[in-house]
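Summary of structural features
Residue-level listing of the chains:
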Amino acid sequence: MTGVRISVRESLADLTSLAVLMLAAFIAIVPVLMALLNSLKTDGEIITNILALPQVPRFGNYLIAFERTRFLRSVWNTLVVLLVGLAGIVLFASMAGYKLSRTRGAASGIIFGLFVMSMLIPFHSIMIPLTRVSRTLRLQGSTVGLGIIYVGLGVPLAIFLYHGFVKSVPRELDEAAVIDGCAELRYFATIVFPLLAPVTVTIIVLNTLWMWNDFLLPLLMITDMTRYTVLLSTNMLFGRYGNHEWSAILATLILAMLPVVTLFLALQKYVMRGIVDGAIKG
Amino acid sequence: MVSTEQLVHVTNRRVALSPTVKLLAFTAPALVFYVALVLVPAAGGIWYSFTNWNGLNPTYRFVGVQNYVEALVEDEYFIASLLFTLRYVGFMVILQNLFALVLALLVEARRKGRLVFRTLLFLPNMISMIIGGFIWLFMFTRVLPRLDPAGALGFLNQSWIGNPSWSFVAILTVSLWAGVGYLMVIYIAALQSVPQQLIESARIDGAGPFRVARSVILPMILPAVTIGIFLSLNMSFKVFEVVYALTGGGPGRATQVVALNIFEEAFNMSYRYGYASAKATLLFLVVFAITLVQLRVMKKREVEA
């Protein structure tokens, strides 16, 4: 009798938990699905029946979105920012993280402390002088310049993650290399850096997400429309108080989220690990 | 042409360099970019906050604490944005962690479909807040009112964006939609590190699922809860994109958060860079204080553990 009662109670609890999870998952994806559904309708259809399937799927909305946002151009601009930013962050942070982790003494502690300090500084507190500094350094207005700014903003967390990971690389390797008379930079590049691959993946994932999804910094740095990133081009379509032409806008929003969502679904394992590592160790 | 011998000579000499010089050589590239693009602007921000610098006029002068006094005493919009942000932070810290923890527990308790639920619940976090904000603008202005035109359900057909108290709910909804999955993933990682035998033996001792969650799992993942609380504190004090996309701070300036107030002051309304820097420095002080408390709490935990 008791056994039956427990199993009834258990399956009831199981059903409740399933229901809660399904509701949560529904809320999570329904806005995206509604955007997708209505991006294939005419504006008239959106007004008359928001839930119905489109009479004919209007893929033309995507063509309009493509043209208005100069999509390929915007993706290219974003990729330039990403490549410059990732190259600089991975290269400079791995070198610095490795050496800081291996060197004892006051100088090493002070430099590491300087980098850790950045985690106390919110972006909004530096954004105003940053616009002036970037103008002086001629970084403002170009995608390469934007990538370089991301290097400055992104190295601290990457150094922090590399610094922790380098401890797992045996020191005996260092000593062997010194005996062989191997130049340290070459030793680092050929022996140590490949061993840091797991944390390099984490850093690439975290920074790709950050740079692709960041809006405020590009907004401050890029004014020329031909250099707009994907998010800036998307934002441009919104005349806030005008009549929203939702069909084209929704198509644009779907297009703009597509690359990063695809990447996430393909590399989910790494993304989740990266998020957890970045949050807990950062 | 450089001969091989010369190259060897150069490399050998580099090996003989002092450790400090080598340390500087390895850290210099990162340091140069970081100092120029983070530390110099950070110091500049504090310096400018004591001046009347504006973006249009090349000359400026030192005005002491006048900007701070103005921000905290006279600027009712800034004070309102501070209070609004505080209210937002309070709701976010509680709700984001609560939802994330409950969902993490439920997902981890499932035998089947764990991966599917985790993926779906985390997905919104991958979407830029600015895009998420625009999608939800569509939901609030077009979809939700249409679902319930007669107002039978009572709450769907609202002026979500036009009425300040409802737009607060709207901003919270979108922030939670985007942010719960993030903390959930962190909580799931923490739950996976709880030894399974501990849960099993509690079950054998006759503890029900709630009892197990409260008395066994919760104490084990308390460090993760600390992290979750500080993450949401930090993120929500800096909230910007959601509000920018959803309400633009409106109606009027009713939903203006601190970051948006600073942004508008500097780049949209008055170009008073010095004054906006004072507000930015105040934001920095708040985040700084939170982080210091965080470090202290975490250190204490580590000692206890």
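Residues numbered from 1 in each chain as written. Chains lettered and ligands numbered in written order. Predicted model: local features only at pLDDT ≥ 70, side-chain atom pairs only at ≥ 80, totals over all residues. Heavy atoms only, no water.

**With respect to the overall build of chain B**
For clarity, the threshold we go by: The secondary structure listing takes helices from DSSP runs of H or I that are at least 4 residues long and strands from runs of E that are at least 2 residues long, numbered from the N terminus. Classification of residues uses two cut-offs on accessible area relative to the type maximum, computed with a 1.4 Å probe and protein chains only: under 20% is buried, over 50% is exposed, and between them is partly exposed. The contact definition used throughout considers only heavy atoms, calling two residues in contact when any of these lie within 4.5 Å.
Within chain B, the secondary structure is distributed over 13 helices and zero strands. The helix and strand sequence of chain B, counted from the amino end, reads α-α-α-α-α-α-α-α-α-α-α-α-α. The buried share among the 305 residues of chain B stands at 50%. By sequence separation, contacts in chain B at least 24 residues apart represent 67% of the contacts at least 6 residues apart.

**Quick notes on the layout of surface pockets**
What counts, and what does not: In this analysis the probe radius is 1.4 Å and the grid spacing 1 Å, with only protein atoms considered; a cavity is a set of points the probe fits into but cannot get out of, a pocket is an open set with protein on both sides within 12 Å along at least five of seven lines, and lining residues have an atom within 4 Å of a point. Grid points are joined across faces, edges and corners, and a volume is the space filled by probe spheres set on the points. Gly falls in the polar group here, along with every residue not listed as nonpolar (Ala, Val, Leu, Ile, Met, Phe, Trp, Tyr, Cys, Pro) or charged (Asp, Glu, Lys, Arg).
For the second largest pocket, the calculated volume is near 1600 Å³. Taken together, 37 residues form the lining of the second largest pocket, with Leu105, Ala109, Arg203, Pro209 and Phe210 of chain B sitting closest to its centre. Those elements that place two or more of their residues in the lining of the second largest pocket are helix H1 (2-38) of chain A together with helix H4 (76-109), helix H7 (164-192), helix H8 (196-204) and helix H9 (209-220) of chain B. The dominant element in the lining of the second largest pocket, judged by the number of residues it contributes, is H1 of chain A, at nine residues. Of the residues in the lining of the second largest pocket, the class split is 21 nonpolar, six polar and 10 charged.

**Concerning the interface of chain B and chain A**
As a reminder of what qualifies: Here the quantity called buried area is the accessible surface, traced with a 1.4 Å probe, that two parts lose on coming together, added over both. We count a salt bridge whenever a side-chain nitrogen from Lys or Arg sits within 4 Å of a carboxyl oxygen from Asp or Glu. Here a polar contact is recorded for every N or O atom pair within 3.5 Å, except that within protein the pair must consist of a potential hydrogen donor and a potential acceptor, and residues adjacent in sequence are included only if both atoms are side-chain atoms.
Of the residues lining the interface, 83 residues belong to chain B; the matching set on chain A comes to 91 residues. Across the chain B to chain A interface the summed buried area is about 8000 Å²; carbon plus sulfur atoms make up 81%. Contact with chain A buries area across many residues of chain B, yet Phe26, Leu37 and Met126 of chain B alone supply 10% of it, more than any other trio. Where chain B meets chain A, there are two salt bridges. The salt bridge involving lysine 22 of chain B is made with glutamate 184 of chain A; its shortest N-O contact spans 3.0 Å. Linking chain B to chain A there are 12 residue pairs in polar contact (both at pLDDT 80 or more).

**Points about unusual backbone geometry**
Residue and element names in this part refer to chain A. If you check the backbone angles, arginine 70 has positive phi at about 45 degrees while not being a glycine. Position of arginine 70 among the secondary structure elements: in the loop between helix H3 (60-68) and helix H4 (71-102). A relative accessible area of 37% means that arginine 70 is categorised as partly exposed. In this structure, arginine 138 takes a positive phi of about 60 degrees despite not being glycine. Its location among the elements puts arginine 138 in the loop between helix H6 (123-136) and helix H7 (143-166).

**A closer look at the side chain of threonine 51 of chain B**
All names here are of chain B. Tracing the backbone through its elements, the reader meets threonine 51 in the loop between helix H2 (19-48) and helix H3 (66-74). Using a relative accessible area of 0% as the deciding quantity, one classes threonine 51 as buried. A distance of 2.8 Å separates a polar atom in the side chain of threonine 51 from the backbone oxygen of tyrosine 48. Residues within four places of threonine 51 in sequence aside, it is in contact with Tyr60, Arg61, Phe62, Val63, Asn67, Gly274 and Tyr275.

**Regarding a nonpolar patch on the surface**
The line we're drawing: For patch detection, residues must exceed 30% relative accessible area and be free of salt bridges, and they are connected within 9 Å for like charges or within 5 Å for nonpolar side chains (Val, Leu, Ile, Met, Phe, Trp, Tyr). Each accessible area is a Shrake-Rupley estimate made with a 1.4 Å probe; only the visible protein chains count as cover when residues are assessed.
Taken together, the side chains of Val201, Leu263, Leu267 and Tyr270 of chain A present a nonpolar region at the surface, about 290 Å² in accessible area. Residue position: tyrosine 270 of chain A is located in helix H14 (residues 268-281).

**Focus on empty space enclosed by the protein**
Rolled over the atoms, a probe with the dimensions of a water molecule shows which regions are left empty. Residue and element names in this part refer to chain A. Tallied over the full model, the rule gives two cavities of 30 Å³ or more. Of the volumes computed, that of the largest cavity is approximately 60 Å³. Every residue lining the largest cavity is listed: Thr78, Val81, Leu82, Leu146, Tyr150, Met211, Trp212, Asp214, Pro218, Thr229, Val230 and Leu231. Counted by class, the lining of the largest cavity contains nine nonpolar, two polar and one charged residues. By volume, the second largest cavity is sized at about 40 Å³. Residue lining of the second largest cavity: Arg68, Thr69, Arg70, Arg73, Ser74, Asn77, Met225, Thr226, Tyr228, Ser233 and Met236, and that is the complete set. Secondary-structure elements contributing two or more residues to the lining of the second largest cavity are H4 and helix H12 (230-236). No other element matches H4, which puts three residues into the lining of the second largest cavity. When grouped by side-chain class, the residues that make up the lining of the second largest cavity number three nonpolar, five polar and three charged.

**What about the environment of leucine 222 of chain B?**
Residues and elements named next belong to chain B. Structurally, the position occupied by leucine 222 is in helix H10 (residues 222-237). According to the relative accessible area criterion, leucine 222 is partly exposed, its value standing at 36%. The sequence separation of leucine 222 and glutamate 241 amounts to 19 residues, and the corresponding C-alpha distance is 30 Å.

**Let's talk about the packing of H4 of chain A against H7 of chain A**
Residues and elements named next belong to chain A. Using the following cut-off: Here the axes come from fitting lines to C-alpha atoms, over the contacting stretch only for helices, and the angles between their N-to-C directions go from 0 to 180 degrees. Here is the rule for handedness: rotate from the far helix to the near one, and if that takes an anticlockwise turn smaller than a right angle the crossing is left-handed, while a clockwise turn gives right-handed.
It is at 6 Å that the axes of H4 and H7 come closest, and there the two elements cross at 35 degrees. When the axes of H4 and H7 are compared, the crossing they make is right-handed. The residue makeup of the contact of H4 with H7, split by class, is 20 nonpolar, 10 polar and one charged.

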